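# Structure at a glance
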Amino acid sequence: MTEADDIDLVRTAHLPSAERRALERATARGEYERIRPGVLVRRGSTTGLRPDQRHVLLVRASLPRLRPQDRLSHESACAVLGLPVVGSWPSRVHVADPTADGTRVSAWFVRHGVARRPPSGHRDHRGLPTTSPARTAVDIASSRPLLLALPVLDHVLRWRCATTEDLGREVALLGPKGRSKAASAVAMGSPRSDSPAESMCRVRFRLLGTPEPEQQHVFSRPGERTAVVDFWFPDHGVVVEVDGRAKYGTAAADVAAAHWQEKQREDFVRSFPEVRTVVRVVWTDLVEPERLRAKLLRAGVPCS
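What counts, and at which threshold
Residues numbered from 1 in each chain as written. Predicted model: local features only at pLDDT ≥ 70, side-chain atom pairs only at ≥ 80, totals over all residues. Heavy atoms only, no water. Core = buried A, V, L, I, M, F, W, Y, C linked by side-chain atoms within 4.5 Å. Buried < 20%, exposed > 50% of the residue type's maximum accessible area, 1.4 Å probe, protein only. Helix = DSSP H or I, 4+ residues; strand = E, 2+ residues; numbered from the N terminus. Contact = heavy atoms within 4.5 Å. Pairing = 2+ DSSP bridges. Axes fitted to C-alpha atoms, helices over the stretch in contact; angles between N-to-C directions. 1 Å grid on protein atoms, 1.4 Å probe; cavity = no way out; pocket = protein on both sides within 12 Å on 5 of 7 lines; lining within 4 Å. Points joined across faces, edges and corners; volume = space filled by probe spheres on them. Nonpolar A, V, L, I, M, F, W, Y, C, P; charged D, E, K, R; others polar. pLDDT = per-residue confidence, 0-100. Arc of directions from axis to C-beta.

## A look at the nonpolar core
Core analysis: the largest hydrophobic core is formed by 64 residues, its most contacted members being Leu72, Leu153, Leu167, Val240 and Leu296. Among the elements that take part in this core, helix α5 (residues 146-158) stands out by supplying seven residues, more than any other. Setting aside chain neighbours within four positions, we find Leu167 in contact with Ala134, Ala137, Val138, Leu153, Val156, Leu157 and Val186. Judged by nonpolar contacts, the second largest core, of 10 residues, contains Phe219, Ala227, Val229 and Phe272.

Now the structure itself:
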């Protein structure tokens, strides 16, 4: 699979004029595609890139315009650090600028002035200057909706990129408005969320007013298999499983085998007398919460 780091960038700014014109003609013929003005890649070299990898490519194309004090931030930091972003990726690169206040937007960058809260000199495995995982998660939590912020917070906690204490220290540096918003999101953070979809489901539970479920509940019997479910509402006998596409391989045989294993697993969970029913949540339920509300109510889980 193609990785964003493997794609050769052709930078035209310092080439002789004859070479630049030749490359422009080649681009017009469809041999190259333009990532940024003056930055080209071979046509087809980006095929198969995920959206986060495409943003990493955009970051790479923009690096010569970064200043020494700049740090990749927000979604751009998420891309290079491997943190999940739900929804569309920005068309500009986000950076933290410790020499300014306020936010400035240009054709290439969204520059967040952070003079009152300068970030540390963190770098990712490529050596790219970026805000730390804790700072990145808190920046997202203070400026984005909870539905987008919680997947990032849960991820850094699950994979031990940051601790709750790290997040708390970053929250304490925020101004009053951002601090309240971020603190609420950080308080919900959980290392038990296994995927961004599970994090989003937790937000939907909160907004729908359900009781607080148990995460990653274990069903087991001595001498038998063990099953860990995404969410368990013990007072109502309801298991909620979030179907994520990442659970299944791409080959048809892999998909069929995965579905068979999932059916066997669900039959095992249903065999416990305390389990009345299993609710399966799909992506559409997460983006259309009234569908999720209807599923939960039919299963006997109260919503406000």
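## Observations regarding the sheet that holds strand β1 (residues 10-11)
For sheets, the rule is that strands pair by backbone hydrogen bonds, running either parallel or antiparallel. Here three strands make up an open sheet; going across it, the order is β1-β3-β2 and the pairing antiparallel. Two strands close off the open sheet at either side, each with one partner strand: β1 and β2 (32-36). For β2 and strand β3 (residues 39-42), the ladder comprises four bridges, and the chain directions are antiparallel. Looking across to β3, one finds that Arg36 is bridged to Val39. Each of β1, β2 and β3 touches helix α1 (residues 17-28); the most contacted strand, β2, lies at about 110° to it. Those strands touched by helix α2 (residues 51-62) are β1, β2 and β3, and its axis lies near 75° from that of β2.

## Considerations on the layout of surface pockets
Within this model, the second largest pocket holds a volume of roughly 440 Å³. Together, 18 residues line the second largest pocket, and Gly113, Val114, Arg117, Leu174 and Gly175 are the ones closest to its centre. Secondary structure elements with two or more residues in the lining of the second largest pocket: β6 (101-105), β7 (109-114) and α4 (133-143). Of the residues assigned to the lining of the second largest pocket, the class counts are three nonpolar, nine polar and six charged.

## Focus: unusual backbone geometry
Most peptide bonds take the trans configuration, and most residues that are not glycine carry a negative phi. A positive phi angle is found at His74, which is not glycine, with a value near 50°. Look at Arg160: it is not a glycine, yet its phi comes out positive at around 55°. As for its placement among the helices and strands, Arg160 is situated in the loop between α5 and α6 (164-172).

## Overview of empty space enclosed by the protein
Within the structure shown, the criterion is met by one cavity of 30 Å³ or more. What the largest cavity holds in volume is close to 40 Å³. Around the largest cavity sit Val229, Val239, Glu241, Arg265, Glu266, Val269, Val278 and Arg280, which together line it. Residue assignment for the lining of the largest cavity shows that the elements contributing at least two residues are β10 (238-242), α9 (252-270) and β11 (277-281). In terms of residues, the lining of the largest cavity owes the most to one element, α9, which gives three residues. Of the residues belonging to the lining of the largest cavity, the class tally is four nonpolar, no polar and four charged.

## Observations regarding the sheet that holds strand β9 (residues 226-233)
Sheet architecture is open: four strands sit in the order β8-β9-β10-β11, paired in mixed fashion. Taken across any chain shown, the strands that pair with only one partner, and hence form the sheet edges, are β8 (214-220) and β11. For this sheet, the mean angle separating the axes of adjacent strands, direction not counted, is 45°. Pairing between β10 and β11: five bridges, direction parallel. The partner of Val239 across the bridge, within β11, is Val278. Sheet strands in contact with helix α8 (residues 196-208) are β8, β9, β10 and β11, and its direction is about 30° off that of β9. Each of β10 and β11 touches helix α11 (residues 289-299); the most contacted strand, β11, lies at about 175° to it.

## Considerations on the pairing of β10
Counting buried positions along β10 yields five of five residues, so the element is predominantly enclosed. As consecutive antiparallel partners, β9 and β10 are separated by four residues, and within that stretch Gly237 has a phi angle of approximately 65°, a positive value.

## Observations concerning the pairing of β2
Residues in a regular strand point their side chains to alternate faces of the sheet. Burial runs high along β2: four of the five residues are buried. The antiparallel hairpin formed by β2 and β3 contains two residues in its connecting segment, where Gly38 sits at a positive phi of about 85°.

## Regarding the confidence of the model for the chain
Mean pLDDT over the chain works out to 94, with 95% of the residues at or above the 70 mark. Scored below 50 in pLDDT, residues 246-250 makes 11 contacts in the model with residues more than four places away or belonging to other chains.

## Overview of α6
Taken as a whole, α6 has its buried residues at Leu167, Glu170 and Val171. Within α6, the buried residues cover an arc of 100° as seen down the axis, which keeps them to one side. Exposed positions of α6 whose direction lies more than 90 degrees from the buried face are Glu165, Arg169 and Ala172.

## Let's talk about the side chain of His55
Structurally, the position occupied by His55 is in helix α2. Owing to a relative accessible area of 2%, His55 belongs among the buried residues under this scheme. The contacts of His55, once residues within four sequence positions are left out, are Glu75, Ser76, Ala79, Trp89, Pro90 and Arg92.

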